[in-house]
Amino acid sequence: MTKTEQLMQERDDLQAKIASARESDGASEREASDLKMMEQELLALEQRISRAENSPSPESRDKGKTLSADDKLEKKLDAALKDSFPGSDPVSFIEAAPVKPNDEHHKTNRR
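What counts, and at which threshold
Residues numbered from 1 in each chain as written. Predicted model: local features only at pLDDT ≥ 70, side-chain atom pairs only at ≥ 80, totals over all residues. Heavy atoms only, no water. Helix = DSSP H or I, 4+ residues; strand = E, 2+ residues; numbered from the N terminus. Buried < 20%, exposed > 50% of the residue type's maximum accessible area, 1.4 Å probe, protein only. Contact = heavy atoms within 4.5 Å. Areas by Shrake-Rupley, 256 points an atom, 1.4 Å probe, with all protein chains shown as cover. Expected span 1.5 Å × (residues − 1). Salt bridge = Lys/Arg side-chain N within 4 Å of Asp/Glu carboxyl O. Core = buried A, V, L, I, M, F, W, Y, C linked by side-chain atoms within 4.5 Å. Arc of directions from axis to C-beta.

Student: What am I meant to see in the overall build of the protein chain here?
Tutor: Counting secondary structure elements, the protein chain contains five helices and zero strands. Each helix and strand of the protein chain, ordered N terminal to C terminal, gives the series α-α-α-α-α. Looking at the protein chain as a whole, 10% of its 111 residues qualify as buried. For the protein chain, the share of sequence-separated contacts (at least 6 apart) that also reach a separation of at least 24 residues comes to 63%. Surface accessibility of the protein chain: about 10,300 Å² in total, with carbon and sulfur atoms responsible for 52%.

Take a look at the structure:
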């Protein structure tokens with residue numbers, strides 16, 4: 001199964017889920033939100049399928065042919081994403097201890 005065929009199968013499954021979600025009556029706010037997310041995912045899948053169908057095969061890319069502007073941009077974005085991972089510093093689980101006031105210092109300042 002090719003990548004495009006896998007994407008098409010995934011799209012068909014998602015379309016069936018969306019149709020089922022639309023048929024349910026009295027959808028809660030969360031279910032309506034989930035339906036919107038599935039619809040957005042479907043649009044993204046359709047774009048990926050379109051790009052996969054229009055992109056040259058790996059064999060033709062490897063034969064020294066020049067890359068299209070879209071392919072160059074895609075490669076640059078992939079490299080930038082890879083270079084920026086992880087996107088932020090790791091979360092620290094150590095907290096600084098609270099500063100306790102020095103009792104001697106407060107006594108001398110009060111006089």
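Student: Can you walk me through helix α4 (residues 69-83) in this structure?
Tutor: Each full turn of the α-helix corresponds to 3.6 residues, which orients residues three or four apart in the same direction. The terminal C-alpha atoms of α4 lie 21 Å apart, and with 15 residues this matches the ideal 21 Å at 1.5 Å per residue to within 8%. Little of α4 is tucked away, with one of its 15 residues classed as buried.

Student: Which parts of the structure should I look at to understand the pattern of salt bridges?
Tutor: Opposite charge on two side chains permits pairing when their charged atoms draw close. This structure, assessed with the given rule, holds three salt bridges. We note a salt bridge from Arg 22 to Glu 39, for which the minimum N-O separation is 2.6 Å. A residue pair is termed long-range when its members are at least 10 positions apart, and Arg 22 in helix α1 (residues 3-23) and Glu 39 in helix α2 (residues 29-54) qualify at 17 residues. Between Arg 51 and Glu 74 there is a salt bridge whose closest N-O contact spans 4.0 Å.

Student: Hey, could you run me through the nonpolar core in this one?
Tutor: Generally speaking, soluble globular proteins have nonpolar side chains that are buried together. Counting residues in each nonpolar core, the largest one holds eight residues, listed as Leu 7, Leu 14, Ile 18, Leu 35, Met 38, Leu 42, Leu 45 and Ile 49. For this core, the secondary structure elements donating two or more residues are α1 and α2. Broken down by element, the residue count for this core peaks at five residues, all from α2. Once you skip the residues sitting within four places of it in the chain, Ile 49 turns out to touch Thr 4, Leu 7, Met 8 and Arg 11.

Student: For this particular structure, what's the right way to read the side chain of Thr 4?
Tutor: Along the chain, Thr 4 turns up in helix α1. Discounting residues that sit within four places of it in the chain, Thr 4 has contacts with Ile 49, Ala 52 and Glu 53.

Student: In this structure, what is going on with α1? I would like to understand it.
Tutor: Given a rise of 1.5 Å per residue, 21 residues ought to cover 30 Å, and the 31 Å separating the end C-alpha atoms of α1 matches this to within 8%. Those residues of α1 that sit buried are Thr 4, Leu 7, Leu 14 and Ile 18. When α1 is viewed along its axis, its buried side chains cluster within an angular range of 85° and face the same direction. Residues of α1 that are exposed and point over 90 degrees away from its buried face: Lys 17 and Glu 23. Looking at the packing, one finds that the buried side of α1 touches α2.

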